[in-house]
Amino acid sequence: MKRMLAAARELVALFVDDGSLAIAVLAWVAIATLAFPVLPIDSGWLAVALFAGLALILTKNLLRAARSRTRR
Amino acid sequence: MIDWAHAGPSVLAAFLASLVEFVEALTVVLAVGAIRGWRPALAGAGLALATLAILVIALGPALARIPLATVQLVVGTLLLLFGLRWLRKAILRAAGIIPLHDETAAYAAEADLLSHSPRRFLAGWDTVAVSASFKIVMLEGIEVVFIVIAIGAVSGLLVPAGLGAGAALLVVIALGIALHRPLARIPENTLKFLVGVLLSAFGAFWVGEGAGLDWPGADWSILALIAGFLAVALTMVALCRVRSIDLERLT
């Protein structure tokens, strides 16, 4: 059981390093999947918005990480 | 007919990502070989490579049976999580906020651990050495398998992506045999930075496709996404570096 839990933990660690980044990405993907198709906006612009949201999530996360790690 | 808008970045991403992973695995296999002998080191690595090959053969075609939009969405999301995780770490390392990975230090730590571990034999095999070699090749190899399947299977480019990963394995094995020491001079963070950009671009593209969005320029938008993530990443390295210097001055 312990070995299986350790293996599961290592598998999750492949994709999740910083929990807040993972949650933000998953939330944005959920919005893009569920809400974007029903919006009355050109699909091409929504695709661009998907990228812009991801870039913003990464930027905010990095700035927060830079601030907190430098203060330590 | 190969679609090079997909195939070029796919093969490159598989090659570079696999190169990084195999370099990390080589460090531990070399330590096992030098401290506990080459027989268990190579047996553990070989066993892990065989297991990984079976995984690729089993999982790759299985994905073809799931509806394409679902695969694109799930694999795209996993690629995004994986790629952005690598990119985030590579940016923080490039900005000097977290230390760079040091293969020489990793080799020394593993060699020290192995030289202090007891020798347990089973049917003439040093089980500690075999399992250390097996575990590292499996751990790093699982990431390679995920990348090859994720970027290969969704776009029907499993063979080119697999060839990219195979080429990386051959390069690392050849360098390992020739040098007999950790490949500390390979610019690992630069490679991780580039792979993070490529995987994030593929992830965003497939999430969009899976969500039913029409990318401007269709498949060619992958190249625009690569350029977009690269521009964001390079800007963030400079910004994080400045922010880190500013905060150090204030404190």
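Residues numbered from 1 in each chain as written. Chains lettered and ligands numbered in written order. Predicted model: local features only at pLDDT ≥ 70, side-chain atom pairs only at ≥ 80, totals over all residues.

What about the interface of chain B and chain A?
Facing the 38 residues of chain B at the interface are 33 residues of chain A. No other element matches helix 3 (residues 68–94) of chain B, which puts 13 residues into the side of chain B that touches chain A. By residue class, the composition of the side of chain B that touches chain A is 25 nonpolar, six polar and seven charged. (Contact = placed C-beta atoms within 7 Å. Helix = DSSP H or I, 4+ residues; strand = E, 2+ residues; numbered from the N terminus. Nonpolar A, V, L, I, M, F, W, Y, C, P; charged D, E, K, R; others polar.)

Quick notes on helix 2 (residues 19–34) of chain A
For an α-helix, the turn length of 3.6 residues means that residues three or four places apart are oriented alike. All names here are of chain A. Counted at 1.5 Å a residue, the expected span for helix 2 with its 16 residues is 22 Å, and the 22 Å between its end C-alpha atoms agrees. Leu21, Val25, Val29 and Ala32 are the residues of helix 2 that are buried. One face of helix 2 carries all of its buried residues, which in axial projection span an arc of 65°. In helix 2, those exposed residues whose orientation departs by more than 90 degrees from the buried face are Gly19, Ser20, Ile23, Ala27, Ala30 and Leu34. (Expected span 1.5 Å × (residues − 1). Buried ≥ 20, exposed ≤ 12 C-beta atoms within 10 Å, placed from the backbone. Arc of directions from axis to C-beta.)

A word on unusual backbone geometry
Residue and element names in this part refer to chain B. Of note in this structure, histidine 180 is not a glycine but carries a positive phi near 55°. Its identity is not glycine, yet alanine 218 carries a phi of approximately 50°, on the positive side. Mapped onto the secondary structure, alanine 218 falls in the loop between helix 7 (188–210) and helix 8 (221–250). Of the residues examined, alanine 218 has 11 C-beta atoms within 10 Å and is grouped as exposed.

Some thoughts on the packing of helix 2 of chain A against helix 3 of chain B
For the pair helix 2 of chain A and helix 3 of chain B, interaxial distance at closest approach is 10 Å and the crossing angle is 145°. In this structure, helix 2 of chain A crosses over helix 3 of chain B, and the sense of that crossing is right-handed. The residues of helix 3 of chain B that touch helix 2 of chain A, namely those facing Leu21, Ala22, Val25, Val29 and Thr33 of chain A, are Leu73, Thr77, Leu80, Leu81, Leu84 and Arg88 of chain B. Each residue belonging to the contact of helix 2 of chain A with helix 3 of chain B can be placed in one class, and the counts come to eight nonpolar, two polar and one charged. (Axes fitted to C-alpha atoms, helices over the stretch in contact; angles between N-to-C directions. Left-handed = near helix turned anticlockwise from the far one by under 90°.)

A look at the packing of helix 5 (residues 127–153) of chain B against helix 6 (residues 158–179) of chain B
All names here are of chain B. Across the interface, helix 5 lies against helix 6 with an axial gap of 7 Å and an inter-helix angle of 150°. Here helix 6 runs roughly antiparallel to helix 5, going by the angle between their axes. Judged by the sense of rotation from one axis to the other, the crossing of helix 5 with helix 6 is right-handed. Residue-level contacts link Val144, Val148, Ile151, Gly152 and Ala153 of helix 5 to Leu158, Ala161, Gly162 and Ala165 of helix 6. Its residues placed into classes, the contact of helix 5 with helix 6 shows seven nonpolar, two polar and no charged. (Parallel < 35°, antiparallel > 145°, perpendicular 65-115°, else oblique.)

Focus: the nonpolar core
Residue and element names in this part refer to chain B. One finds Ala13, Ala14, Val29, Ile91, Val148, Ala201 and Phe202 to be the most contacted residues of the largest nonpolar core, which totals 99 residues. Looking at which element gives the most residues to this core, the answer is helix 1 (residues 4–36), with 17 residues. Setting aside residues up to four positions removed in sequence, alanine 14 forms contacts with Ile147, Val148, Ile151, Ala161, Gly164 and Ala165. (Core = buried A, V, L, I, M, F, W, Y, C linked by C-beta atoms within 7 Å.)

A few points about the confidence of the model for chain A
Residues with a pLDDT of 70 or more make up 94% of chain A, whose mean pLDDT is 87. Predicted confidence in chain A is weakest over helix 1 (residues 2–15) of chain A, with a mean pLDDT of 76, and strongest over helix 2 of chain A, with 95. (pLDDT = per-residue confidence, 0-100.)

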